[in-house]
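Structural features, examined
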Amino acid sequence: MAQAKISAKASEAAAQQQQQQQQQQSGGQLRGRFYRSTSMADRSSRLLENLDQLELRVEAFRDAASAMEQEKETLLEMIHNIQNSQDMRHISEGEREELNLTANRLMGRTLTVEVSVETIRNAQQQESLLHATKMIDEIVNKLLDDLEDAKIRLMSLYGACTSDVPAGPIDQKFQSVVIGCAIEDQKKIKRRLETLLRNLENSEKSITLLEHQKSSVRQSCNSKQD
């Protein structure tokens, strides 16, 4: 009997010890999971903060590349305007040839710089961009037929792209198309229209100056005949 009681107590003690060990292990696992969870949250927070900072740098990088795209367009336009300016027509042939060589060299060096910022578009934005581009191209293709009408139509398109109070009528249809484009495409469409209008204005000045010169020549000839 004594031996049985001793064995029973030993078994009970062993059972209690095993139960305590299990509880400790269970508590340790819970504490371990808790600590791991806290550590994961810290890491996640740090990673998110890094990504937020990188997002700012990515946007700044895209803005800088877009600025370079615009600078390239501006440089090419300025070189082209110099080559086709009235001043170039009123210098000696040798000087004009030398200046054109310099202008061509500068244009060539400008064209060696390739900058491209791709715009992310959905299907609707892509369709709107194609539609807007087609509407502008249709006017450009008819520039030589009627310069004044083309200028009026381009101004109505430009008025649809600007938040300022337009000087003339707005093409409502074009405005609805542009609104469907991506924001970056809207800016590019506006820049293209600005460039076209500047070129038209320069062309009008050249034509006016040329007509004035022709009139002066005719008056001079008539005076000599009198």
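Under an unreviewed UniProt entry, the name given to the protein chain is BAG2 regulator, and the source organism is Rostratula benghalensis.

Before going further, it helps to spend a moment on the overall build of the protein chain. When its secondary structure is counted, the protein chain shows seven helices and zero strands. A buried classification covers 19% of the 226 residues belonging to the protein chain. Within the protein chain, counting contacts between residues at least 6 apart in sequence, those at least 24 apart form 73% of the total. Accessible surface, the protein chain: about 17200 Å² in total, of which carbon and sulfur atoms supply 54%.

The next point concerns the pattern of salt bridges. Counted under the stated rule, the structure contains five salt bridges. Between Glu-184 and Arg-62 there is a salt bridge, with the nearest N and O atoms lying 2.8 Å from each other. Of this pair, Glu-184 sits in helix α7 (residues 183–225) while Arg-62 sits in helix α1 (residues 2–83), and the two are 122 residues apart along the sequence. Salt-bridge contacts for Arg-192 lead to Asp-137; the nearest nitrogen and oxygen are separated by 2.6 Å.

An α-helical turn contains 3.6 residues, so any two residues separated by three or four positions project in the same direction. Here helix α5 (residues 147–159) is 13 residues long and its end C-alpha atoms lie 18 Å apart, about the 18 Å a rise of 1.5 Å per residue gives. Taking the backbone nitrogen of Glu-148 as reference, a side-chain oxygen 3.4 Å away marks Asp-146 as the first, capping residue of α5.

Turning next to the confidence of the model for the protein chain. Scored by pLDDT, the protein chain comes out at a mean of 80, with 72% of its residues at no less than 70. Confidence drops under a pLDDT of 50 for residues 27–34, and excluding neighbours within four residues, the segment shows one contact in the predicted structure. When the criterion is pLDDT under 50, residues 209–218 qualifies, and its contacts beyond four places in sequence or with other chains add up to three contacts.

Once that is clear, we can look at helix α6 (residues 172–179). For α6, the full list of buried residues reads Phe-174, Val-177 and Val-178. Considered in projection along α6, the buried side chains sweep an arc of 95 degrees and stay on one side of the axis. When the buried face of α6 is taken as reference, the exposed residues oriented beyond 90 degrees from it are Gln-172 and Ile-179. Where α6 starts, the residue carrying a side-chain oxygen 3.2 Å from the main-chain nitrogen of Lys-173 turns out to be Asp-171.

Here we take up the packing of helix α4 (residues 123–140) against α6. At a minimum axis separation of 8 Å, α4 and α6 run at an interaxial angle of 145 degrees. The element α4 and its partner α6 pack so that their crossing is left-handed. Taken together, the residues of α6 that come into contact with α4 (itself represented by Ser-128, His-131, Ala-132, Met-135 and Ile-136) are Lys-173, Phe-174 and Val-177. For the contact of α4 with α6, the class distribution of residues is five nonpolar, two polar and one charged.

Assignment of secondary structure puts Gly-159 in helix α5. The sequence separation of Gly-159 and Pro-169 amounts to 10 residues, and the corresponding C-alpha distance is 7.3 Å.

Counting residues in hydrophobic clusters, the biggest one holds 20 residues, and the most contacted among them are Ile-136, Leu-154, Leu-157, Cys-161, Phe-174, Ile-189 and Leu-193. At the level of secondary structure, the elements contributing two or more residues to this core comprise α4, α5, α6 and α7. What Phe-174 contacts, discounting residues up to four positions off in sequence, is Ala-132, Met-135, Ile-136, Leu-157, Ala-160, Cys-161, Ile-189 and Leu-193.

Rules behind the numbers
- Position numbers for residues count from 1 along each chain, tracking the sequence in the order it is written.
- Where local features are concerned, this predicted model is filtered to residues with pLDDT of at least 70; where side-chain atom pairs are given and counted, the filter is 80 or more; whole-chain, interface and lining totals use all residues.
- To obtain the side-chain values, all non-hydrogen atoms of the structure were included, while hydrogens and water were left out.
- A run of H or I in DSSP counts as a helix once it spans at least four residues, and a run of E counts as a strand once it spans at least two, with each numbered from the N terminus.
- The rule is simple: take the accessible area with a 1.4 Å probe, protein chains only, and divide by the maximum for that residue type; under 20% is buried, over 50% is exposed, in between is partly exposed.
- Any two residues whose heavy atoms approach within 4.5 Å are treated as being in contact.
- The method behind every accessible area is Shrake-Rupley, applied with a 1.4 Å probe, and residues are considered shielded solely by the protein chains displayed.
- A pair is scored as a salt bridge if a Lys or Arg side-chain nitrogen falls within 4 Å of a carboxyl oxygen belonging to Asp or Glu.
- For a helix, the expected span equals 1.5 Å multiplied by the number of residues minus one.
- Here a polar contact is recorded for every N or O atom pair within 3.5 Å, except that within protein the pair must consist of a potential hydrogen donor and a potential acceptor, and residues adjacent in sequence are included only if both atoms are side-chain atoms.
- Predictor confidence is given residue by residue as pLDDT, running from a minimum of 0 to a maximum of 100.
- Arc definition: directions from the helix axis to the C-beta atoms.
- Fitted lines through C-alpha atoms serve as axes, helices being fitted only where they are in contact, and the angles separating the N-to-C directions of these axes extend from 0 to 180 degrees.
- Each crossing is labelled by how the near helix is turned from the far one, with a counterclockwise turn of less than a right angle marking it left-handed and a clockwise turn marking it right-handed.
- Ten residues, namely Ala, Val, Leu, Ile, Met, Phe, Trp, Tyr, Cys and Pro, are considered nonpolar, four, namely Asp, Glu, Lys and Arg, are considered charged, and the remaining ones, Gly among them, are considered polar.
- Definition used in this section: a nonpolar core is a set of buried Ala, Val, Leu, Ile, Met, Phe, Trp, Tyr and Cys residues joined via side-chain atoms within 4.5 Å.

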